[in-house]
Amino acid sequence: MASIKFGTDGWRDVIGANFTFDNVAKVAQAYADYLNSQGAKRVVVGYDTRFQAGKFAERAAQVLAANGLEVLLSKSHVPTPVLSFAVWHLKADGGVMITASHNPPEYLGFKIKGSYGGAAVPALVAEVEKKLGAEPRAFDPARHKLERFDVRKPYYDHLMGLLDMDALRAYEGVLYHDSMGGAGGGWIAGFAKHAGLKLEVRGLHEVPDPMFYGVNPEPIPANQFTVMAVLKAEEGRTFAAVTDGDADRIGAVLAGGANFNSHQIFAVLLKHLALRRGLKGRVVKTFSVSRVVELLAKKLGVEVQTTPIGFKYITDEMLKGGVLIGGEESGGIGVDIHLPERDGIFNALLLLEAVVGSGKGLGEQFAEIEAEVGFKHSYDRLDLHLPSMEHIRAVVEKVSSPRPVAGQKVVGTDTLDGVKWLFEDGGWLLFRASGTEPVLRVYCEMQSPELVKAVLAEAKKLVG
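Read on for an overview of the structure. Computed from a predicted model, the values in this text were never measured in an experiment. (Residues numbered from 1 in each chain as written. Predicted model: local features only at pLDDT ≥ 70, side-chain atom pairs only at ≥ 80, totals over all residues. Heavy atoms only, no water.)

Per the stated rule, a full pass over the model turns up 29 salt bridges. Its salt-bridge partner being Asp248, residue Arg249 comes within 3.9 Å of it at the nearest N-O pair. A residue is classified by how much of its surface remains accessible, and Arg249, at 4% relative accessible area, is buried. The buried category is assigned to Asp248, whose relative accessible area is 0%. (Salt bridge = Lys/Arg side-chain N within 4 Å of Asp/Glu carboxyl O. Buried < 20%, exposed > 50% of the residue type's maximum accessible area, 1.4 Å probe, protein only.)

Moving on to helix α11 (residues 311-320). Inspection of α11 places Phe311, Lys312, Ile314, Thr315, Glu317 and Met318 among the buried residues, and these make up the whole buried set. Phi for Gly321, located one or two positions after α11, is positive at around 95 degrees. (Helix = DSSP H or I, 4+ residues; strand = E, 2+ residues; numbered from the N terminus.)

Relative to the 16 Å expected for 12 residues at 1.5 Å per residue, helix α13 (residues 362-373) spans 17 Å between its end C-alpha atoms, a close match to the ideal helical length. Of all the positions in α13, only Leu362, Gln365, Phe366, Ile369, Glu370 and Val373 are classed as buried. Down the axis of α13, the sector holding all buried residues measures 140 degrees, keeping them to one side. At its buried positions, α13 is contacted by β11 (239-243), β12 (250-254), β13 (259-260), α9 (262-276), α10 (291-299) and α12 (344-358). (Expected span 1.5 Å × (residues − 1). Arc of directions from axis to C-beta. Contact = heavy atoms within 4.5 Å.)

Here we take up unusual backbone geometry. Backbone geometry at Gln52 places phi at a positive 65 degrees, although glycine is not the residue there. With respect to the helices and strands, Gln52 occurs in the loop between β3 (42-47) and α2 (53-66). Phi at Lys91 is positive, roughly 55 degrees, even though this residue is not glycine. Checked against the element boundaries, Lys91 lands in the loop between α3 (80-89) and β5 (94-98).

In total, this model carries 11 aromatic pairs according to the counting rule given. Between Phe85 and Tyr155 the ring centres are 5.6 Å apart and the planes differ by 70 degrees, which places this aromatic pair in the edge-to-face class. One end of the pair, Phe85, is in helix α3; the other, Tyr155, is in helix α5 (residues 152-160), and 70 residues separate them in sequence. According to the relative accessible area criterion, Phe85 is buried, its value standing at 1%. Arranged with centres 6.1 Å apart and planes meeting at 45 degrees, the rings of Tyr155 and Tyr156 form a pair that is tilted. (Phe/Tyr/Trp six-rings, centres within 6.5 Å; stacked < 30°, edge-to-face > 60°.)

The next point concerns the layout of surface pockets. The volume enclosed by the largest pocket comes to roughly 510 Å³. Glu218, Ile220, Pro221, Asp380 and Arg381 are the residues nearest the centre of the largest pocket, which is lined by 30 residues in total. For the lining of the largest pocket, the elements supplying multiple residues, two or more each, are β12, β13, β18 (378-385) and β22 (439-446). Examining the composition of the lining of the largest pocket, we find that 6 residues originate from one element, β18, more than from any other. For the lining of the largest pocket, the class distribution of residues is 12 nonpolar, 11 polar and 7 charged. (1 Å grid on protein atoms, 1.4 Å probe; cavity = no way out; pocket = protein on both sides within 12 Å on 5 of 7 lines; lining within 4 Å. Points joined across faces, edges and corners; volume = space filled by probe spheres on them. Nonpolar A, V, L, I, M, F, W, Y, C, P; charged D, E, K, R; others polar.)

Below, the discussion takes up the packing of α5 against helix α7 (residues 187-195). Running from N to C, α5 and α7 point in directions that differ by 70 degrees, and their axes come no closer than 10 Å. On the basis of their axis angle, the class for α5 and α7 is roughly perpendicular. On α7, the residues that touch Arg152, Lys153, Tyr155, Tyr156, Asp157, Leu159 and Met160 of α5 are Trp187, Gly190, Phe191, His194 and Ala195. (Axes fitted to C-alpha atoms, helices over the stretch in contact; angles between N-to-C directions. Parallel < 35°, antiparallel > 145°, perpendicular 65-115°, else oblique.)

Now for the nonpolar core. Counting 72 residues, the largest nonpolar core has Leu163, Phe191, Phe239, Leu270 and Ile325 as its most contacted members. Of all hydrophobic cores here, the second largest spans 41 residues; its members include Trp11, Tyr34, Val45 and Ile98. (Core = buried A, V, L, I, M, F, W, Y, C linked by side-chain atoms within 4.5 Å.)

Here you go:
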């Protein structure tokens with residue numbers, strides 16, 4: 001069973017190599033054993049638009065049902081946050097989402113959801129991992145039933161109870177939504193129709209595509225060239241929300257075609273929720289999130305907490321209570337009034353609410369934040385594909401001893417998750433191994449794009 005390894009957000013692997021029907025059944029059996037040990041009765045299962053995802057979901061559902069659990073399987077592909085909502089709404093004891101989120105198209109994964117409607121916390125994942133090894137129980141269609149579910153309407157109604165519907169109904173502009181061929185296709189447009197908004201939603205890449213139109217389904221500039229080209233012709237406050245393969249993460253593109261990254265989104269949502277909405281609570285951010293979020297929170301008098309990378313750590317904190325918003329560098333942001341879960345659809349609508357409420361575009365709002373906190377944000381990330389995890393471990397060992405790069409003096413290090421070099425002007429450089437694939441991620445935030453480029457170039461040479 002050593003070949004099945006849980007990462008930051010469940011188990012992911014290459015389809016047909018290690019992500020097979022047999023291995024999915026083994027993981028489902030381990031989860032069933034955990035659920036039964038907790039006295040669970042009901043579990044929901046969903047899937048995204050990846051190759052054979054529906055068939056893998058059905059196999060997982062069959063094993064769960066064979067273990068005496070009541071199993072509800074989604075009628076079609078769904079966004080991960082909708083599956084999480086279904087766990088909560090249908091009062092299930094847990095959930096399974098067959099997705100590899102933002103990973104390359106050849107990957108699939110098995111995400112576990114807690115009864116609270118969010119990512120499984122580390123302790124729960126560890127318990128499931130311990131139970132790997134048992135032979136999956138046989139499914140008998142004559143004795144074991146699979147029910148189907150559809151929670152689109154209850155989900156939309158739930159969001160309407162959280163959003164400023166008067167503001168959204170007064171807005172007559174355009175919102176673009178690039179779902180990247182993933183499970184979020186049509187969900188924002190569907191909400192607008194359900195809620196009776198005058199908003200015109202223009203969808204891009206809405207037809208499901210297991211190959212995600214030739215890119216990795218992650219909302220970062222390298223994968224957003226189409227929507228950036230489309231938005232070049234737009235002006236004013238119009239923007240595009242970009243959701244990843246399973247629609248739990250969000251990116252954005254502004255009128256004129258400029259990228260608006262996850263750090264900027266996090267900061268704008270924080271200010272909107274804390275100041276305009278008057279909501280209270282801690283801010284929880286992962287290790288790779290911009291200093292701007294930390295500085296803004298302090299400016300607002302809000303406590304800031306930093307966790308390792310992986311939304312499950314944020315979920316852990318949200319379940320303790322008292323959290324306003326939590327987020328990660330990759331675009332996963334959770335708001336406590338909703339669920340302890342990332343939701344790219346809800347966050348897109350919240351961003352629109354911030355634009356309508358302030359009367360200002362997202363870029364203008366973030367520029368004001370930069371001025372308020374006294375830090376100019378520039379950021380980029382390299383994903384370095386190395387031959388093996390052994391190579392990555394050797395590099396991490398190498399960078400544990402920092403040195404000046406691009407003329408920047410290192411004044412400290414932080415090893416909460418990976419190795420972060422802290423620079424004199426407040427910038428930083430982070431080396432961290434991916435938890436789901438043999439990739440070394442190198443993150444950098446400085447106060448100018450030129451410095452970010454120079455620091456990352458030297459970091460790449462250092463890695464070799």
